[in-house]
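Observations on chain architecture
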Amino acid sequence: MTDLSSPVLLATLTATEYQKASIDAMRLCLEPPVTSFQIGISHHSLPYSREEGFGDLGVQVLVVEVENQRTAYVLIDGNNIATGVREILLDEILKLVDLAEVMTTDSHVVNTITGKNPVGMRVPVAEFTQLIVAAVRNAIEDLTPAETAAGTAQCDHIVVFGSNRISQMASTVNAMLVFVAPLSLAMLLLAFLLSLVAYVAMG
């Protein structure tokens, strides 16, 4: 969890570089031979609350073994990780596997106090490191031969309430506020004139 960086927008130079690198990586994946692999998973609850930075899903681990090389993907239910916590966890996890990465679900259910409540900020990493390691061990014990498949689906007409929509709403409110004062004055004047016309007509 560091200061937020600027977003990468489509059609920018950075976005184009990301796309090119992704395509190059996929092309390289076509060259190596296809081999069999094993997968092991585990899902552990953690004894911490949302206020402490942990979501209800706890920690989920996926271990993949290919040609005697084991890679662990550790997913903690939380909104980002405090600086330095990832490295401490990886030091312990890499004693069990060859490669590893620690990630979070980016769940915002933990933002009950402020918008910044990353994993490891309220609970010291030393307190939950062995719980994460135990989940990795269980995933390794669960290793079994597996197969993989892929598919593509498309969902149309999905309304996403994202940051752009919020900006549109905010700008709409600002535009409305500009006209509130003159419209209020015009309505008061109209009401006064109608009252005057009615008084004269009745007199």
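Numbering of residues starts from 1 in each chain and follows the order in which that chain's sequence is written. Thresholds applied to this predicted model are a pLDDT of at least 70 for local features of residues and 80 or more for the giving and counting of side-chain atom pairs; totals over whole chains, interfaces and linings are not thresholded and use all residues. Only hydrogens and water are set aside when side-chain values are computed; all heavy atoms of the structure are taken into account.

This next bit is on the sheet that holds strand β4 (residues 99-104). A pair of strands is considered paired only if DSSP assigns at least 2 bridges between the two. The helix count covers DSSP runs of H or I at least four residues long, the strand count covers runs of E at least two residues long, and both are numbered beginning at the N terminus. Spatially, β4-β3-β2-β1-β5 is the arrangement adopted by the five strands of the open sheet, whose pairing is mixed. Bordering the open sheet on either side are β4 and β5 (144-146), each of which pairs with just one other strand. Sheet twist, expressed as the average angle between the axes of neighbouring strands with direction ignored, equals 25 degrees. The sheet strands contacting helix α2 (residues 85-93) are β3 (69-76) and β4, and the helix crosses β4 at an angle near 145 degrees. Axes, fitted as lines to C-alpha atoms, cover a helix only where it is in contact. Angles between the N-to-C directions of the axes lie from 0 to 180 degrees. Any two residues having at least one pair of non-hydrogen atoms within 4.5 Å are treated as being in contact.

Salt bridges are counted wherever a side-chain nitrogen of Lys or Arg sits within 4 Å of a carboxyl oxygen of Asp or Glu. Counted under the stated rule, the structure contains six salt bridges. A salt bridge links arginine 70 to glutamate 65; its shortest N-O distance comes to 2.4 Å. Here the term buried applies to any residue with accessible area under 20% of the maximum for its type, exposed to any over 50%, and partly exposed to those in between, with areas from a 1.4 Å probe on protein chains only. Taking the relative accessible area as the measure of exposure, arginine 70 reaches 27% and is therefore partly exposed. Residue glutamate 65 is classed as buried on the basis of its relative accessible area, which comes to 13%. The residue arginine 86 makes a salt bridge to glutamate 101 at a minimum N-O spacing of 2.7 Å. Of the two residues, arginine 86 is situated in helix α2 and glutamate 101 in strand β4; the sequence distance between them amounts to 15 residues. Within this structure, Arg86, Glu87 and Glu101 form a network of salt bridges that share partners.

This next bit is on α2. Along α2, the positions that sit buried rather than exposed are Val85, Leu89, Leu90 and Ile93. Seen end-on, α2 carries its buried residues on one side only, within an arc spanning 125 degrees. Looking at the buried positions of α2, the neighbouring elements they touch are β3, β4 and α3 (125-141). Directions drawn from the helix axis to the C-beta atoms are what define this arc.

A word on the environment of asparagine 80. Relative to the assigned elements, asparagine 80 resides in the loop between β3 and α2. A relative accessible area of 26% means that asparagine 80 is categorised as partly exposed.

Geometry of aromatic contacts follows a simple scheme: Phe, Tyr and Trp rings, the Trp one being its six-membered ring, pair when their centres are within 6.5 Å, and the pair is stacked under 30 degrees between planes, edge-to-face over 60, tilted otherwise. Overall, the coordinates contain three aromatic pairs when judged by the stated rule. With a centroid separation of 6.4 Å and 70 degrees between ring planes, the pair formed by tyrosine 48 and phenylalanine 128 is classed as edge-to-face. One end of the pair, tyrosine 48, is in the loop between β1 (37-44) and β2 (59-66); the other, phenylalanine 128, is in helix α3, with 80 residues separating them in the sequence. The residues tyrosine 48 and phenylalanine 128 share a single accessibility class, namely buried. Among the aromatic residues, those joined into a ring-pair cluster are Tyr48, Phe54 and Phe128.

The next subject is the nonpolar core. Looking at soluble globular proteins, one finds that nonpolar side chains tend to be buried together. The nonpolar core is taken to be a set of buried Ala, Val, Leu, Ile, Met, Phe, Trp, Tyr and Cys residues, with the residues joined through side-chain atoms within 4.5 Å. Core analysis: the biggest nonpolar cluster contains 27 residues, and Val74, Ile76, Leu89, Ile93 and Phe128 have the highest contact counts within it. With seven residues, the single largest contributor to this core is α3. Contacts of leucine 89, omitting those with residues within four sequence positions, involve Ile76, Val102, Val125, Phe128, Thr129 and Ile132.

Looking at the element boundaries, glycine 58 is found in the loop between β1 and β2. By relative accessible area, which is 3% here, glycine 58 ends up buried. The contacts of glycine 58, once residues within four sequence positions are left out, are His44, Ser45, Leu46, Leu75, Ile76 and Asp77.

Before going further, it helps to examine the environment of valine 64. If you trace the backbone, valine 64 turns up in strand β2. Between the C-alpha atoms of valine 64 and asparagine 80, which are 16 residues apart in sequence, the distance is 24 Å. Aside from chain neighbours lying at most four places away, what touches valine 64 is Phe37, Gln38, Ile39, Gln69, Arg70, Thr71 and Tyr73.

This part covers a nonpolar patch on the surface. A contiguous nonpolar patch, built from Phe192, Leu193, Leu196, Tyr199 and Val200 and spanning about 580 Å² of accessible area, is present on the exposed surface. Within the secondary structure, leucine 196 is located in helix α4 (residues 163-202). A relative accessible area of 41% places leucine 196 in the partly exposed class. The patches reported here contain residues having more than 30% relative accessible area and no salt bridge. Joining distances are 9 Å for like charges and 5 Å for nonpolar side chains (Val, Leu, Ile, Met, Phe, Trp, Tyr). Each accessible area value is a Shrake-Rupley result obtained with a 1.4 Å probe; residue values ignore everything except the protein chains displayed when judging cover.

With that settled, the discussion passes to the pairing of β2. Pairing between β1 and β2: eight bridges, direction antiparallel. The residue of β2 that forms the bridge with histidine 43 is glutamine 60. The pairing of β2 with β3 spans eight bridges and is classified as antiparallel. Within the sheet, the bridge partner assigned to valine 64 lies in β3 and is threonine 71. Connecting β2 to the antiparallel partner β3 that follows it, the hairpin turn spans two residues, and glutamate 67 within it adopts a positive phi of roughly 50 degrees.

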